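One letter stands for each residue in the lines below.
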Amino acid sequence: MPPKKKKEEAEDLGAMKAARFGRVKNDLAMGFVGLPNVGKSTLTNLLAGAAHAEAANYPFCTIDPNVVRCIVPDQKFKYLADCWKPPSVVPAALKVTDIAGLIRGASEGAGLGNAFLSHIAAVDGIFHLVRAFDDDDIVHVDDSVDPIRDLDTIQGELCAKDRETMSKTEEREKDRIRKEKGMSRQAEVKFSDTFLSAFEKVNKLLEANTPVQTGDFTNGEVELIKDWGLITTKPQIYVVNLSKKNFIRKASKWLPKIKEWVDTHGGGQVIPMSCEFEQEYWDLKDDPAAQKAFLDECTQQAKDQGLTGPAFVAKSIIPRLIRSGRQALCLQSFYTAGPKEVRAWTIMKGTLAPQAAGVIHTDFERGFIKAEVCAFDDFKKYHDGKPSMAGPKEAGKYRQEGKLYEMQDGDIVVFMHNTSGGKKK
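A few points on the structure. (Residues numbered from 1 in each chain as written. Predicted model: local features only at pLDDT ≥ 70, side-chain atom pairs only at ≥ 80, totals over all residues. Heavy atoms only, no water.)

## Digging into the overall build of the protein chain
When you go through the protein chain residue by residue, the secondary structure sums to 17 helices and 12 strands. Split by element, the accessible area of the protein chain, about 21300 Å² in all, is 51% carbon and sulfur. (Helix = DSSP H or I, 4+ residues; strand = E, 2+ residues; numbered from the N terminus. Areas by Shrake-Rupley, 256 points an atom, 1.4 Å probe, with all protein chains shown as cover.)

## Some details on unusual backbone geometry
Excluding glycine, residues mostly have negative phi values, and the peptide bonds linking residues are mostly trans. Its identity as a non-glycine residue notwithstanding, Asn-37 has a phi of 65 degrees, on the positive side. For Asn-37, a relative accessible area of 14% puts it in the buried group. Despite not being glycine, Lys-85 shows a phi value in the positive range, around 50 degrees. Along the chain, Lys-85 falls in the loop between helix H3 (75-84) and strand S3 (88-90). (Buried < 20%, exposed > 50% of the residue type's maximum accessible area, 1.4 Å probe, protein only.)

## Structural notes on the packing of helix H11 (residues 275-283) against helix H12 (residues 288-304)
Running from N to C, H11 and H12 cross one another at 150 degrees; their axes reach a closest spacing of 8 Å. Taken together, the axes of H11 and H12 lie roughly antiparallel to each other. Crossing angle aside, the handedness with which H11 passes H12 is right-handed. Contact residues: Phe-277, Glu-280, Tyr-281 and Trp-282 in H11; Gln-291, Phe-294, Leu-295 and Cys-298 in H12. Within the contact of H11 with H12, the residues separate by chemical class into 6 nonpolar, 1 polar and 1 charged. (Axes fitted to C-alpha atoms, helices over the stretch in contact; angles between N-to-C directions. Parallel < 35°, antiparallel > 145°, perpendicular 65-115°, else oblique. Left-handed = near helix turned anticlockwise from the far one by under 90°. Contact = heavy atoms within 4.5 Å. Nonpolar A, V, L, I, M, F, W, Y, C, P; charged D, E, K, R; others polar.)

## With respect to the pattern of salt bridges
On inspection of all chains with the given rule, the structure shows 17 salt bridges. Ionic pairing is found between Lys-370 and Glu-372, a salt bridge with its closest N-O pair at 3.9 Å. Each member of the pair, Lys-370 as well as Glu-372, carries the same accessibility label: buried. Connected via shared salt-bridge partners are Lys-161, Glu-164 and Lys-168. (Salt bridge = Lys/Arg side-chain N within 4 Å of Asp/Glu carboxyl O.)

## Here we look at H11
Note: α-helices contain 3.6 residues per turn, so residues at a spacing of three or four share the same orientation. Every buried residue of H11 is accounted for by Cys-275, Phe-277, Glu-278 and Tyr-281. One face of H11 carries all of its buried residues, which in axial projection span an arc of 160 degrees. Those residues of H11 hidden inside the fold are in contact with helix H2 (40-48), strand S6 (236-241), helix H9 (244-249), strand S7 (269-273), H12 and helix H13 (318-328). (Arc of directions from axis to C-beta.)

## Describing the environment of Pro-235
Checked against the element boundaries, Pro-235 lands in the loop between helix H8 (219-225) and S6. As a C-alpha pair, Pro-235 and Met-30 span 205 residues in sequence and 9.2 Å in three-dimensional space.

## Overview of the side chain of Glu-372
Mapped onto the elements, Glu-372 comes out in strand S10 (residues 368-375). On the accessibility criterion, Glu-372 (15% relative accessible area) is buried. Reaching out from Glu-372, the side chain makes a polar contact with the side chain of Tyr-398 at a distance of 2.9 Å. Beyond its immediate chain neighbours, meaning those up to four positions away, Glu-372 contacts Tyr-398, Arg-399, Gln-400, Ile-412, Val-413, Val-414 and Met-416. (Polar contact = N/O pair within 3.5 Å; in protein donor to acceptor, adjacent residues only side chain to side chain.)

## Quick look at the packing of aromatic side chains
Each aromatic ring pair is specified by the distance between its two centres and by the angle formed by the two planes. Using the criterion set out here, one finds 14 aromatic pairs in the structure. Here the aromatic rings of Trp-84 and Phe-379 are separated by 5.4 Å at their centres, their planes lie at 15 degrees, and the arrangement is stacked. Placement of the pair is Trp-84 in helix H3 and Phe-379 in helix H16 (residues 376-382), with a sequence separation of 295 residues. Take Trp-84: its relative accessible area is 12%, and that puts it in the buried class. The exposure class of Phe-379 is buried, given its relative accessible area of 0%. Here the aromatic rings of Phe-195 and Trp-228 are separated by 5.6 Å at their centres, their planes lie at 75 degrees, and the arrangement is edge-to-face. Within this pair, whereas Phe-195 is found in helix H7 (residues 193-207), its partner Trp-228 is found in the loop between H8 and S6, the two being separated by 33 residues in sequence. You'll find Phe-195 and Trp-228 in the same group, each marked buried. Between the NZ or CZ atom of Arg-131 and the centre of the ring of Phe-133, over which it lies, the distance is 4.4 Å. The ring centre of Phe-247 lies 4.3 Å from the NZ or CZ of Lys-250, which sits over that ring. (Phe/Tyr/Trp six-rings, centres within 6.5 Å; stacked < 30°, edge-to-face > 60°. Lys NZ or Arg CZ within 6 Å of the ring centre and 35° of its normal.)

## What about the pairing of strand S12 (residues 411-417)?
The buried count for S12 comes to 6 of 7 residues, which makes it a mostly enclosed element. Two elements, S10 and S12, share 7 bridges in a ladder whose sense is antiparallel. Within S12, the residue paired with Val-373 across the bridge is Val-413. (Pairing = 2+ DSSP bridges.)

## Here's the deal with the sheet that holds S6
The 6 strands lie next to each other as S2-S4-S1-S5-S6-S7, forming an open sheet whose pairing is mixed. Each edge of the open sheet carries a strand with a single partner, namely strand S2 (66-71) and S7. Pairwise comparison of adjacent strand axes, ignoring direction, gives a mean angle of 25 degrees for this sheet. Across 5 bridges, S6 lies against S7 in parallel orientation.

Structure representation (structure tokens):
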């Protein structure tokens, strides 16, 4: 248990490190990035639970980005919905964009590169999908399967685009300073020490084809870099698309090499999965018994190879992907629960109570008075099976919080506000 906790803490720190460059808003999006025919559209379909993207064996079958909203797997939300059984149930969702495949030279306009890179710039985090399966029926844009080469290609194109952006950054900074100080266009400009150090650090990372988000920067440097519009400041999750056979046995000759590549390019989370496995599982969705039999059969195949233990119990990776994407964007949920509706609301980590109230309605933030809060774990422990806060109140676990309260993941909340100068609502 302790090692797992340390791993989770490390992933949280990594996510927060990447998210410092991001936009502060609740409706953030992840995007799938990779070469053509690595499984992006298939996986997007599976994430959404519907065929939203045209999954076809053709390099540029996805030209305009397909945007889907994936239901966030959430046992806390399900518990509250089962408890209250309201007519309206609204879970949290993660927005995911399926971006068409990049190819070598995209940063210089090859393929449909410039358009695709602009689509990448429009999302807030990246699922970097690489192919590690062989299939003669699915062509590879480079004619052979080599995920390390593919990682180099995609990362190289993203970093090349950022290097192009950086080549114009000094002139833009000069123009900003001249305008701010009322100087002529010909006047000499002296850069701040913060700008020079940030500029040097960023260029050093990009020359090594390493994402900028993995670097160490001061708060002042981060504030400058946020305005430079760099693609590689976005958090990345590396997703490895294996064959069904290799996914079942949790092994592939490529996995150690991919992990080594990621570690030497700034580090990051690596999630092995299999579109082949997930598609077969999804195709049985209308028959729960058949789905269970499919998972049992895959688990047995692992046992037959001497592979036992929790790691070899076959299950879908889709829920983990959605949760990991949300974590990378530093998003969390709070709940409102009652006889009419149970709803999960999405906010960023670190959001204060008035701003969380504003997610429900702007009037709630403007007229915020207080928040009445119960942590989910306290509700579950003390509600005695009843759809009521009476138990937590009696146990002293239903509390009032003010404007400086930082919302916690899983809070169940009632906001008190007053926008008319009259009675509370």
